[in-house]
Amino acid sequence: MKFPLTDQLLAEATRFELRSACRDCFFWSAARNACWHDWPDEGQRRWPLDAPLADGSRPTEVAFCKEFELR
């Protein structure tokens, strides 16, 4: 699911210590460097949420995986 990456979302993510990246998910395998469900990476691995994209620009949206389960 994708949402606009707003300053409010970033502030709340910091305030509430949001964890949403693959690295924090129960289904993430560091050994395989992949999701156990084989979901494609649509930006969920990027952390923090406002980390620059490959071209150096700031992302305008953030993707949250519906299968995310906090470790």
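What comes next concerns the included structure. (Residues numbered from 1 in each chain as written. Predicted model: local features only at pLDDT ≥ 70, side-chain atom pairs only at ≥ 80, totals over all residues. Heavy atoms only, no water.)

## Re the overall build of the protein
Basically, it comes down to this: Only DSSP runs of H or I with at least four residues qualify as helices, and only runs of E with at least two residues qualify as strands; both kinds are numbered from the N terminus onward. Note that the radius of gyration is over C-alpha atoms, with the globule rule given as 2.2 Å times the number of residues to the power 0.38. Remark: exposure states derive from per-residue accessible area (1.4 Å probe, protein chains only) relative to the maximum for the residue type, with buried under 20%, exposed over 50%, and partly exposed in between. Contacts were defined at the residue level, with two residues in contact if any of their heavy atoms lie within 4.5 Å.
Counting secondary structure elements, the protein contains one helix and four strands. Moving toward the C terminus, one meets the helices and strands of the protein in the order β-α-β-β-β. Relative to its length of 71 residues, the protein is compact, with a C-alpha radius of gyration of 12 Å against a globular reference of 11 Å. For the C-alpha atoms alone, the extent of the protein along its principal axes is close to 30 × 30 × 20 Å. In the protein, which comprises 71 residues, the proportion classed as buried is 31%. Intrachain contacts of the protein at a sequence separation of at least 6 include 67% that bridge at least 24 residues.

## A word on the pattern of salt bridges
As a reminder, the rule being used: The salt bridge criterion pairs a side-chain nitrogen of Lys or Arg with a carboxyl oxygen of Asp or Glu, the two atoms within 4 Å.
Inspection of every chain in the model, using the stated rule, returns five salt bridges. The salt bridge partner of arginine 58 is aspartate 7, with a shortest N-O separation of 3.4 Å. Within this pair, whereas arginine 58 is found in the loop between β3 (34–35) and β4 (61–63), its partner aspartate 7 is found in helix α1 (residues 7–15), the two being separated by 51 residues in sequence. When its relative accessible area of 42% is taken as the criterion, arginine 58 is described as partly exposed.

## A closer look at the environment of tryptophan 36
Among the structural elements, tryptophan 36 can be located in the loop between β3 and β4. Distance from tryptophan 36 to proline 59, taken between C-alpha atoms, is 26 Å for residues 23 residues apart in sequence. Once residues lying within four places of it in the same chain are set aside, the contact partners of tryptophan 36 are Phe27, Trp28 and Ser29.

## Overview of unusual backbone geometry
The omega torsion of the bond from tryptophan 47 to proline 48 falls at 0°, within 30 degrees of zero and hence cis. Take proline 48: it is sitting in the loop between β3 and β4. The phi angle at asparagine 33 is positive, at roughly 55°, despite the residue not being glycine. Examined against the element boundaries, asparagine 33 turns out to sit in the loop between β2 (28–29) and β3. The backbone of aspartate 38 shows a phi angle near 60°, a positive value even though the residue is not glycine.

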